[in-house]
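# Working through the structure, step by step
What follows is each chain in one-letter form.
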Amino acid sequence: MVLTSASASTQTTILPTARTTLSMATYKAIPAAFARIHPRYLTPTISTIVMGVISIILYIPMNYFAGGNAIGDAVTSIGLYIAFYYGMTAFACVWYYRKVLTSSARNLWMKGILPLLGALIMWAAGIYALQTDWTATSGYTFWTVPGLHWKIGGIFLIALGAAIVGVLGFVFMRVSAPAFFRKETLTRSTPTLVPDEG
């Protein structure tokens, strides 16, 4: 039972990131290799393998140096990004439907007020979490800044490290493959693509 549960948990960790990188690669936001689909299983092959390998590379040293406590802080740090991108999605909803918000009370509430309220709540929760996760008392791990003796929480450090990697990846793709960022591969009129049609 433990082995099956561990296997299922591992798969549910890899699958969302593999699907995300699959869709990003389909629209050329990241390298096209991530959009390759296995001919028999119809799964994102490269995305799944790369996300699994990255998970292993990150987990083993983090878990070793943190004495087995890193996983709790890593899971908690994901909450910061969930608050960020759910909030961003809600803001995008309001912006996308801005021209029809005044056409009916339903549109105003369902496409304007409620998404905006949700975005503000998510971002407020994220900002609050950042403030509390900065300190060493909020999680299982921390890092003491040499010379200053500040104890910075592991949750904050994991989130910061992920943000830095994300920004570096964005800059690399913006320079090396700018089509997506110039709105050449994804616009309002772009049909929904599957990788084979990309």
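Scroll up for the structure.
Figured I'd write up the structure that's included with this text. (Residues numbered from 1 in each chain as written. Predicted model: local features only at pLDDT ≥ 70, side-chain atom pairs only at ≥ 80, totals over all residues. Heavy atoms only, no water.)

## So, helix 3 (residues 70-96)
The end-to-end C-alpha distance of helix 3, which contains 27 residues, comes to 39 Å, matching closely the 39 Å that a straight helix rising 1.5 Å per residue would cover. Residues of helix 3 that are buried make contact with helix 2 (45-65), helix 4 (105-133) and helix 5 (154-176). (Helix = DSSP H or I, 4+ residues; strand = E, 2+ residues; numbered from the N terminus. Expected span 1.5 Å × (residues − 1). Contact = heavy atoms within 4.5 Å.)

## Quick word on unusual backbone geometry
Even without being a glycine, K28 presents a positive backbone phi close to 65°. Among the secondary structure elements, K28 is positioned in the loop between helix 1 (2-26) and helix 2. At L42, a position not held by glycine, the phi torsion is positive, near 55°. Judged by relative accessible area, which is 64%, L42 ranks as exposed. (Buried < 20%, exposed > 50% of the residue type's maximum accessible area, 1.4 Å probe, protein only.)

## What to know about a nonpolar patch on the surface
Together, I78, I82, F84, Y85, Y86, M88 and W123 make up an exposed nonpolar region whose accessible area comes to about 670 Å². When residues in the nonpolar patch are grouped by element, the largest group, six residues, is from helix 3. Along the chain, Y86 falls in helix 3. Exposure remark for Y86: the relative accessible area of 47% places this residue in the partly exposed category. (Patch = residues over 30% accessible without salt bridge, like charges linked within 9 Å, V, L, I, M, F, W, Y side chains within 5 Å. Areas by Shrake-Rupley, 256 points an atom, 1.4 Å probe, with all protein chains shown as cover. Salt bridge = Lys/Arg side-chain N within 4 Å of Asp/Glu carboxyl O.)

## A word on the packing of aromatic side chains
One pass over the full model with this rule turns up seven aromatic pairs. Centroid distance F84 to W123: 5.7 Å. Interplanar angle 10°. Geometry classified as stacked. Placement of F84 in helix 3 and of W123 in helix 4 is noted, with a sequence separation of 39 residues between them. With a relative accessible area of 43%, F84 lands in the partly exposed category. On the basis of relative accessible area, W123 is assigned to the partly exposed category, the value being 31%. Centroid distance W134 to F156: 4.8 Å. Interplanar angle 80°. Geometry classified as edge-to-face. Separated by 22 residues along the polypeptide, W134 in the loop between helix 4 and strand 1 (142-144) and F156 in helix 5 bring together distant segments of the chain. Relative accessible area serves as the criterion here: at 17%, F156 is assigned to the buried category. Linked through ring pairs, F84, F91 and W123 together constitute an aromatic cluster. (Phe/Tyr/Trp six-rings, centres within 6.5 Å; stacked < 30°, edge-to-face > 60°.)

## Looking at the environment of W143
Along the chain, the position of W143 falls in strand 1. Its relative accessible area of 44% is what places W143 among the partly exposed residues. For the pair formed by W143 and G154, sequence separation is 11 residues and the distance between their alpha carbons is 6.7 Å. Among residues more than four places away in sequence, those in contact with W143 are W150, K151, I152 and L157.

## As for the environment of G154
When you line up the elements, G154 lands in helix 5. Between the alpha carbons of G154 and T137 there is a distance of 9.6 Å; along the sequence they are 17 residues apart. The residues contacting G154, other than those within four sequence positions of it, are D73, T141 and F142.

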